[in-house]
Amino acid sequence: LDLSTWMLIGVFAALGTLAHVVMTWSLKYAPSATLAPIQYMEIPFSILFGWMVFSDLPDRMATSGIILSMLAGLYIILRERRLALRPPAAAAPIGEG
């Protein structure tokens, strides 16, 4: 590989690392239930990037796994939001129960 290819690999590695660090830092400022939909957007954007740059799409098995993973994640997000909106149960007085 020539120098320009290695430099491009280094730039993409640095950008990927920075993206993961920033996403991790964001958990200090917002609950994970708020950030999870943004993280799930990585999947379709990765597919789009792979198609545009490499003319490559996931096969049926990968697509099935992607769909299953996204549906499970979306179910958890919706369930957690519903639980967060539910009023807390009244606590029993100390010494009772």
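This text follows the structure it describes.
Not measured: the values here are computed from a predicted model.

With that out of the way, let us pick up the overall build of the protein chain. Scanning the protein chain from N- to C-terminus turns up 4 helices and 0 strands. Written out in order from the N terminus, the α and β elements of the protein chain read α-α-α-α. Here the protein chain, with 97 residues, has 7% of them falling under the buried criterion. Of the accessible surface of the protein chain, which amounts to about 8400 Å², a share of 72% is contributed by carbon and sulfur atoms.

Another point: the side chain of S26. Turning to its location among the elements, S26 is positioned in helix α1 (residues 3-26). Residue class for S26 comes out buried when judged on its relative accessible area of 18%. Among the polar contacts listed, one links the side chain of S26 to the backbone oxygen of M23, at a separation of 2.5 Å.

Moving on: the packing of helix α2 (residues 32-40) against helix α4 (residues 60-85). In contact at an axis separation of 9 Å, α2 and α4 are set at 160 degrees when each is read in the N-to-C sense. By the angle between their directions, the pair α2 and α4 is classed as roughly antiparallel. Taken as a pair, α2 and α4 cross one another with a handedness that is left-handed. Contacts between α2 and α4 pair A33, T34, A36, P37 and Y40 from the former with S69, M70, G73, I77 and R81 from the latter.

For the structure on display, the rule yields 1 aromatic pair. Judged by centre distance (6.3 Å) and plane angle (80 degrees), the ring pair of F49 and F54 falls under edge-to-face.

This next bit is on unusual backbone geometry. Phi is positive for S55, close to 55 degrees, though the residue is something other than glycine. Topologically, S55 is positioned in the loop between α3 (42-54) and α4. Of the residues examined, S55 reaches a relative accessible area of 66% and is grouped as exposed.

Cut-offs used in this document
- Residues numbered from 1 in each chain as written.
- Predicted model: local features only at pLDDT ≥ 70, side-chain atom pairs only at ≥ 80, totals over all residues.
- Heavy atoms only, no water.
- Helix = DSSP H or I, 4+ residues; strand = E, 2+ residues; numbered from the N terminus.
- Buried < 20%, exposed > 50% of the residue type's maximum accessible area, 1.4 Å probe, protein only.
- Areas by Shrake-Rupley, 256 points an atom, 1.4 Å probe, with all protein chains shown as cover.
- Polar contact = N/O pair within 3.5 Å; in protein donor to acceptor, adjacent residues only side chain to side chain.
- Axes fitted to C-alpha atoms, helices over the stretch in contact; angles between N-to-C directions.
- Parallel < 35°, antiparallel > 145°, perpendicular 65-115°, else oblique.
- Left-handed = near helix turned anticlockwise from the far one by under 90°.
- Contact = heavy atoms within 4.5 Å.
- Phe/Tyr/Trp six-rings, centres within 6.5 Å; stacked < 30°, edge-to-face > 60°.

Take it as geometry only, folks, not as evidence of what the structure does.
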